[in-house]
Amino acid sequence: MTIGDNHGDGLDIRSRLAAVNSDIAAAAVAAGRDPSTVALVAVTKTHPVPIIRQAIDAGQRLFGENRVQEAEAKWPALRAAFPDLRLHLIGPLQRNKVRRAVTLFDVIETVDRDEVARAIALAFESLGVTRDVLIQVNTGEEAQKHGVLPGQVDAVVRACVDTYQLPVRGLMCVPPLNEEPSLHFALLREMARRNGLDTLSMGMSADFKVAIQFGATLVRVGTAIFGDRPAAEGSD
Ligand SMILES: *Cc1c(COP(=O)(O)O)cnc(C)c1O
């Protein structure tokens, strides 16, 4: 068995990455879109550095992690070795970790409340940096899920832009597990359109092709590249 082959499909990370990239391109073309308008965020949560290195060696440069603390343990050395890496935070962000998140990540995809937006603005100012941000939307209005409710998206976008001067580029969502995702993708696209935002982070291993059909510009794919993760996944 190849290192990183916990799919049991006999393929290594390089082959699976190539397969995902070609599926992305095919889905884009089928939707009448230029494949270069869809970027793959390779999601490496729970996977150790040697596994990540295989994806880097295969040419992948854009990655996503969902916990600040875990990312801090894995990424600074990789970033020093590969200055063109880009890292997105795709998991929930708490106010007390904002400064560390802004230090490590290039894009924060999961802004979902006022106190976090305010803390990000303060961190930008005190660190003398800026980062693109996305607003996470709880399109399924699930009680246990993070994200702004659909009815509050326009107000939150306005507050982030007008009050906190954050560079809001778009919206992100994780649809409910057992629902047809296309309705959620269509909803996210419409909310982005009416707010003049052009980045749509939606679609994971199981549904990234559908997401591309509905306009995804960032697809966040873990399992299809790196195989199954250990069952327990905490969050920060
Ligand atoms: C883990 C995770 C992904 C990747 O999911 P897969 O099904 O493994 O592709 C995408 N987005 C978020 C927010 C995640 O936490």
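Details of the structure are given in the entry above.
All residue numbers here refer to positions counted from 1 along the written sequence of the relevant chain. Whole-chain, interface and lining totals are the exception, using all residues; otherwise, since this is a predicted model, local features are given only for residues with pLDDT of at least 70 and side-chain atom pairs are given and counted only at 80 or more. Excluded from the side-chain calculation are hydrogens and water; included are all heavy atoms of the structure.

### Re the site of the ligand
We count it as follows: Only a single heavy atom is needed: when it lies within 4 Å of a molecule or strand, its residue is near that molecule or strand. Polar contact criterion, stated in full: a pair of N or O atoms within 3.5 Å, where within protein one must be able to donate a hydrogen and the other to accept it, and residues adjacent in sequence count only if both atoms are side-chain atoms. All accessible areas in this document rest on Shrake-Rupley with a 1.4 Å probe, and a residue is counted as covered only by the protein chains that are shown. Throughout, the ten residues Ala, Val, Leu, Ile, Met, Phe, Trp, Tyr, Cys and Pro are labelled nonpolar, Asp, Glu, Lys and Arg are labelled charged, and all others, Gly among them, are labelled polar.
Residues in close proximity to the ligand total 13 residues, the closest being Lys45, Ser205, Gly222, Thr223 and Arg229. In the model, an oxygen atom of the ligand is placed 2.8 Å from a nitrogen or oxygen of the Gly222 main chain. Out of a free accessible area of 390 Å², the ligand has 89% covered by protein chains. Grouping the amino acids of the shell around the ligand by side-chain chemistry returns six nonpolar, four polar and three charged.

### Examining helix α7 (residues 182–194)
The test is simple: The helix count covers DSSP runs of H or I at least four residues long, the strand count covers runs of E at least two residues long, and both are numbered beginning at the N terminus. Each helix should span, by expectation, one fewer than its residue count multiplied by 1.5 Å. Exposed residues in this analysis have more than 50% of their type's maximum accessible area, buried residues have under 20%, and partly exposed residues fall in between, with area computed by a 1.4 Å probe over protein chains only. Every residue pair with non-hydrogen atoms within 4.5 Å of one another is taken to be in contact.
If you check α7, its first and last C-alpha atoms are 18 Å apart, about what 13 residues at 1.5 Å a residue would give, namely 18 Å. Listing the buried residues of α7 in full gives Ser182, His184, Phe185, Leu188, Met191 and Ala192. Against the buried residues of α7 lie β5 (132–137), α6 (153–163), β6 (168–173), β7 (199–201) and α8 (208–213). A positive backbone phi angle near 70 degrees is found at Gly196, which sits one or two residues after α7.

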